[in-house]
Amino acid sequence: MRVLADRIRGVERRVRYLGLGLVVLAAGFLLTGRWQLALGVAVGALLGWVLTDPVRITWAVFVIAFAVPVTIDVGYPTNPSYALLLVLFLLAVWGRVLRAERDGWPPKALAAALLLPACAVLAGLVHWHGVKPIAVGVAPLLCFGVLAWHLAEEARHDRRSVRRIAEALTWFSVAVAVFAKYQTASRSWPIFDQFAYDWTYTSAFDATRAVGLSGHPIIYGTFAMAMVLVALTLRGRFWYVPVTANLVGLVLSGTRSAWVGTVLALGLWLFLQWRKVSWRGLGVAAAVAAVTFTLVAVNPPALRPDTTTAAPTPSPAAPAASSAAPAPESPAATLSPAAPSPAAPAPPAASSLPPEPGAPVPAAPTASAVDSVDVAGSRISDPASADARFTRMSVVWDGITSDWSTVVFGNGPEANVRFLENVGIGDGQAQVFDNTYLAFWYNFGLIGLACLLALLVLLYRRLRSLPARLLLVGFAAQIFFFDVWLWLGAVAVLLLAVALGAADNPSLSARALPVPRRRQPGAQAAAGPRQPAAGAAAGSGSAPAARPGSAGASGPS
């Protein structure tokens, strides 16, 4: 307490007065029942405090991306994904401004950040549909490019902070996994059932699958996959706790795309680490697997749904949000045959597709608990989702190959949204393409797809870090099964890979120039010519230390 008091006294008087005024203002709004305005004051004050320090900005980027769901609308002026994207973009840009004198503006990092937005602009100019589609299509790519640049630069100069953030996220994920277990055991999604802006982001969607803090099981599966890989490779204290907890969450999410990404990443890990395999390690792996199975299978009676109360009726589906609202992989195994997607409003009545239904009323919960092991097994054996994806691949491929210009330059930004709104896919499933690579090709052409793949390959080659490489493999595999760009929690996995890779790569680490000592005039002349030290003579053929902002200190290309 004494240390805290000293810190408070050390703050400037005007800052203390400003903080006191904000507290009084927020309290006044709460007393008058204006909780949204009070929340706005609190968030604004917190962001103001974050913006004063680039290290806090780095923490804030990951906290917002992983912990703030885009499935809840608290009164944002636009779609929640774009509102939070704008906040992250401003944080990253301001962080670069604060570091401009130290780091400069490295051309390679800028080129990497602007490569995919440039492809989107090119596709929009070739197939012109106005300025708005270009702006909407470029915005997410530009934001994530600038974020990756900021995080890579910060990681190069402060390796310890990035690893501390990653370890903190793994322990944060343990609490999220506990919440996920509660969701499947109670067959409800607290907070999301009350505040989600669309019924597909509530437990009416599928109460047997966990969503963590994301509001959607696929995005929670992505987060759990990332935390398993980070905890396994960083090996912090008691690392097996977050590994086990997130394996439980991964199974409870029922996200097959995350399962595939995890299996491929773990396969790469075993391939790279096979010489270190030991009987002790195999024993730990068997213990983790046994505990994971137990935690998945056991459902505490205290958490089972209450059958004495009536089943909750979800609020009617909200009006469709912006055309680019996130809508990941097709929920073939869990939705009714004509379930809508919030990403694509219902087509006109003249269309051959069935009309959009209202929000369903969930069945009354039974006294028996959900068997999570059987649910996971059914997710593996059910072929409906695979059939839906093959249908989408066929539709997307027809749109890509309709003309030579669509093959090379694509159909333009937001072309997939225009197709799904006006034509749609007549299989009664969610109106999404469910494949980031094909959607990217459909919108931005072969040029855009080649640039996306080249960036992933270059990141894998340059960022020679085991955690970063495993995250990249898992991310690259998973986005084959859903559209990723407006799900901040999913793209944050890629950003975390960039930050960890930049922190662990010696060729990217920033080395400061040694400060020369001041000498008295004439001292060197009196002492005679100085002989080079033995170490300096032996190392005379080595490259000089990189100056801050030089090529040796540039971000990932």
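Residues numbered from 1 in each chain as written. Predicted model: local features only at pLDDT ≥ 70, side-chain atom pairs only at ≥ 80, totals over all residues. Heavy atoms only, no water.

Undergrad: Is there a simple way to explain the overall build of the protein chain in this structure?
TA: Within the protein chain, the secondary structure is distributed over 23 helices and zero strands. Taking all 557 residues of the protein chain together, 47% fall into the buried category. Partitioning the intrachain contacts of the protein chain with sequence separation of at least 6 by distance along the chain shows that 80% fall at a separation of at least 24. Here the protein chain displays about 27,100 Å² of accessible surface, and carbon together with sulfur accounts for 67% of that area. (Helix = DSSP H or I, 4+ residues; strand = E, 2+ residues; numbered from the N terminus. Buried < 20%, exposed > 50% of the residue type's maximum accessible area, 1.4 Å probe, protein only. Contact = heavy atoms within 4.5 Å. Areas by Shrake-Rupley, 256 points an atom, 1.4 Å probe, with all protein chains shown as cover.)

Undergrad: Even after reading the chapter, I still don't get the packing of helix 11 (residues 217-234) against helix 12 (residues 240-253), so can you show me in this structure?
TA: Describing two packed helices takes the angle between their axes plus the distance from one axis to the other. For the pair helix 11 and helix 12, the least separation of the axes is 8 Å and the interaxial angle reads 155 degrees. As judged from the angle between their axes, helix 11 and helix 12 are roughly antiparallel. Pair helix 11 / helix 12 crosses with left-handed handedness. Only Pro242, Val243, Asn246, Leu247, Gly249, Leu250 and Ser253 of helix 12 make contact with helix 11, whose side of the interface consists of Pro217, Tyr220, Gly221, Ala224, Met225, Met227, Val228, Ala231 and Leu232. In terms of residue class, the contact of helix 11 with helix 12 is built from twelve nonpolar, four polar and no charged. (Axes fitted to C-alpha atoms, helices over the stretch in contact; angles between N-to-C directions. Parallel < 35°, antiparallel > 145°, perpendicular 65-115°, else oblique. Left-handed = near helix turned anticlockwise from the far one by under 90°. Nonpolar A, V, L, I, M, F, W, Y, C, P; charged D, E, K, R; others polar.)

Undergrad: Could you clarify how one ought to interpret the environment of Phe238 in this entry?
TA: Tracing the chain through its elements places Phe238 in the loop between helix 11 and helix 12. For Phe238, a relative accessible area of 44% puts it in the partly exposed group. Distance from Phe238 to Trp171, taken between C-alpha atoms, is 10.0 Å for residues 67 residues apart in sequence.

Undergrad: How do you make sense of unusual backbone geometry when you look at a structure like this?
TA: Where the residue is not glycine, phi is negative for most of them; where a peptide bond is considered, it is trans in most cases. Residue Arg187 is not a glycine yet carries a positive backbone phi of 55 degrees. Residue position: Arg187 is located in the loop between helix 9 (159-186) and helix 10 (192-195). A positive phi angle, near 50 degrees, is found at Arg235, a position not held by glycine. Structurally, the position occupied by Arg235 is in the loop between helix 11 and helix 12.

Undergrad: Looking at this structure, how should I read the side chain of Gln478?
TA: Tracing the chain through its elements places Gln478 in helix 20 (residues 466-478). A distance of 3.3 Å separates the side chain of Gln478 from the side chain of Ser257, its partner in a polar contact. Setting aside residues no more than four positions away along its own chain, Gln478 makes contact with Ile218, Thr222, Met225, Thr255, Ser257 and Ala258. (Polar contact = N/O pair within 3.5 Å; in protein donor to acceptor, adjacent residues only side chain to side chain.)

Undergrad: Is there a simple way to explain the packing of aromatic side chains in this structure?
TA: Aromatic ring pairs are defined here through the distance separating the ring centres and the angle between the ring planes. Tallied over the entire structure, the rule returns 17 aromatic pairs. With a centroid separation of 6.1 Å and 50 degrees between ring planes, the pair formed by Phe419 and Phe433 is classed as tilted. Of this pair, Phe419 sits in helix 18 (residues 415-422) while Phe433 is found in the loop between helix 18 and helix 19 (436-462), placing the two residues 14 residues apart along the sequence. On the basis of relative accessibility, which here comes to 3%, the residue Phe433 falls in the buried class. Where Phe433 meets Tyr442, the ring centres are 5.1 Å apart and the plane angle is 75 degrees; that geometry is what we call edge-to-face. Pairwise contacts between aromatic rings join Phe62, Phe66, Phe172 and Phe223 into one cluster. Arg235 extends its terminal NZ or CZ atom over the ring of Trp239, reaching a point 4.1 Å from the ring centre. (Phe/Tyr/Trp six-rings, centres within 6.5 Å; stacked < 30°, edge-to-face > 60°. Lys NZ or Arg CZ within 6 Å of the ring centre and 35° of its normal.)

Undergrad: Could you clarify how one ought to interpret the pattern of salt bridges in this entry?
TA: Pairs can form between side chains of opposite charge once their charged atoms are near each other. Enumeration over the complete set of coordinates arrives at three salt bridges. Arg99 is the salt-bridge partner of Glu154, the closest N and O atoms lying 2.9 Å from each other. Highlighted residues: Glu154 in helix 8 (residues 131-157) and Arg99 in the loop between helix 5 (80-98) and helix 6 (100-103), separated in sequence by 55 residues. When the shortest N-O distance is used, the salt bridge between Arg156 and Glu153 registers 2.7 Å. With Arg156 and Glu153 both in helix 8 and three residues apart, the pair spans about one turn of that helix. One exposure class covers both Arg156 and Glu153, and it is buried. Salt bridges sharing common partners tie together Arg96, Arg99 and Glu154. (Salt bridge = Lys/Arg side-chain N within 4 Å of Asp/Glu carboxyl O.)

Undergrad: Whenever I open this one, the packing of helix 19 against helix 20 confuses me. Can you help?
TA: Helix 20 packs onto helix 19 with a crossing angle of 165 degrees between their chain directions and a minimal axis gap of 11 Å. If you check the angle between helix 19 and helix 20, you find them roughly antiparallel. The crossing of helix 19 and helix 20 is left-handed. The residues of helix 20 that touch helix 19, namely those facing Tyr437, Leu456, Leu459, Tyr460 and Arg461, are Arg469, Leu472, Val473 and Ala476. When its residues are assigned to classes, the contact of helix 19 with helix 20 shows seven nonpolar, no polar and two charged.

Undergrad: Even after reading the chapter, I still don't get the environment of Thr170, so can you show me in this structure?
TA: Counting through the fold element by element, Thr170 comes out in helix 9. Exposure remark for Thr170: the relative accessible area of 5% places this residue in the buried category. When the C-alpha atoms of Thr170 and Ala231 are compared, they prove to be 6.2 Å apart, with 61 residues separating the residues in sequence. Excluding anything up to four places from it in sequence, Thr170 contacts Met227, Val230, Ala231, Pro242 and Asn246. A polar contact is formed between the side chain of Thr170 and the backbone oxygen of Glu167, at a distance of 2.5 Å.

Undergrad: Would you explain helix 14 (residues 279-297) in this entry?
TA: Residues spaced three or four apart along an α-helix point in a common direction, a consequence of the helix completing one turn every 3.6 residues. Helix length check: helix 14, at 19 residues, gives a terminal C-alpha distance of 27 Å against a target of 27 Å (1.5 Å per residue), a fit within 8%. Within the span of helix 14, buried status applies to Val288, Thr292 and Val296. One face of helix 14 carries all of its buried residues, which in axial projection span an arc of 60 degrees. Residues of helix 14 that are exposed and point over 90 degrees away from its buried face: Trp279, Arg280 and Phe293. (Expected span 1.5 Å × (residues − 1). Arc of directions from axis to C-beta.)

Undergrad: Sorry, what's going on with the nonpolar core here?
TA: In a soluble, globular protein the nonpolar side chains are often hidden away together inside. Counting residues in each nonpolar core, the largest one holds 118 residues, and the members touching the most others are Phe62, Leu471, Trp485 and Leu496. The element contributing the most residues to this core is helix 21 (residues 488-504), with 14 residues. Setting aside residues up to four positions removed in sequence, Phe62 forms contacts with Ala67, Leu151, Ile165, Leu169, Ala492, Leu495, Leu496 and Ala499. Grouped together as the second largest cluster of nonpolar side chains are five residues, Ile72, Trp189, Phe192 and Phe205 included. (Core = buried A, V, L, I, M, F, W, Y, C linked by side-chain atoms within 4.5 Å.)

Undergrad: Would you mind going over helix 5 with me for this structure?
TA: Taking 1.5 Å per residue, 19 residues should reach 27 Å; helix 5 reaches 27 Å between its end C-alpha atoms and fits that length. Among all positions of helix 5, only Pro80, Ser81, Tyr82, Ala83, Leu84, Leu85, Leu88, Leu91, Ala92, Gly95 and Arg96 are buried.

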